[in-house]
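# Observations on the model geometry
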Amino acid sequence: MLARVLAPAAALVLAAAPVCASAATGTIYLFSSTGSSLLSFAVSDMLNPSMPPTSGSASFTLFATTSSTAGTITVTAPSITGASGTTIPAGAFTAKCTATTDTAGMFTSIGTVRLANGAVTCGTLGANKTGELIFTVTLTVDDTGGAYGFPAETYASGSLKVVANVP
């Protein structure tokens, strides 16, 4: 049984907190995908509990200045529907954000997080920092133990949304 999941990672949303009269705000100078905008998973047998979960990764570059308020990196699971109409729910995904370059020491990973229907924080950006952050989001589909019982088929998806919030 083989299922293939394709998730475009091109949708990047930039967010910033409203300007406050009493404090300086952060600034995003650059936020972009640094590689392929397509995540692809080959899931050999999602109903076999002895098969490990599979994952795909996308990398991003953020150059920013944070204010006295810490920022966040959030991830929202893609919408994935199979050819027969089967949907892989957001809760079947985990995500982990890891920094490969962090010139200002601004990033702290939350670790592996279970995604939900809305945005989930995968990392924080320290206050009063300016620098370049290159980070990777690893998205994993996990049906270990057949918790969701996805049938083997071709799955296509909408965009993985990654948001940098620099207040």
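Cut-off values and rules
- Residues numbered from 1 in each chain as written.
- Predicted model: local features only at pLDDT ≥ 70, side-chain atom pairs only at ≥ 80, totals over all residues.
- Heavy atoms only, no water.
- Helix = DSSP H or I, 4+ residues; strand = E, 2+ residues; numbered from the N terminus.
- Buried < 20%, exposed > 50% of the residue type's maximum accessible area, 1.4 Å probe, protein only.
- Areas by Shrake-Rupley, 256 points an atom, 1.4 Å probe, with all protein chains shown as cover.
- Pairing = 2+ DSSP bridges.
- Axes fitted to C-alpha atoms, helices over the stretch in contact; angles between N-to-C directions.
- Disulfide = S-S within 2.5 Å.

Counting its secondary structure elements, the chain contains zero helices and 15 strands. For the chain, the proportion of its 167 residues judged to be buried stands at 39%. With an accessible surface of roughly 7400 Å², the chain has 56% of that area assigned to carbon and sulfur atoms.

A few words now on the sheet that holds strand β9 (residues 93-102). Strand order in the open sheet formed by five strands is β3-β5-β13-β9-β11, and the pairing between neighbours is antiparallel. If you trace the sheet from one side to the other, it starts and ends with β3 (27-33) and β11 (112-114), each paired once. The mean angle between the axes of side-by-side strands here comes to 25 degrees, regardless of whether they run parallel or antiparallel. Bridge analysis of β3 against strand β5 (residues 54-65) gives six bridges, and the strand direction is antiparallel. By the bridge assignment for β5, T27 is matched with T65.

Such a bond, covalent and formed between the sulfur atoms of two cysteines, is termed a disulfide. One pass over the structure, following the stated rule, counts one disulfide. Note that C97 is cross-linked by a disulfide to C122, the S-S spacing being 1.9 Å. The sign of the -80 degrees torsion about the S-S bond sets the C97-C122 disulfide as left-handed. Pair noted here: C97 is in strand β9 and C122 is in strand β12 (residues 120-125), with a separation of 25 residues, a long-range link.

Further remarks concern unusual backbone geometry. Here N128, not a glycine, exhibits a phi torsion of approximately 55 degrees, which is positive. Inspection of the secondary structure puts N128 in the loop between β12 and β13 (130-141). Overall, the relative accessible area of 57% leaves N128 in the exposed class.

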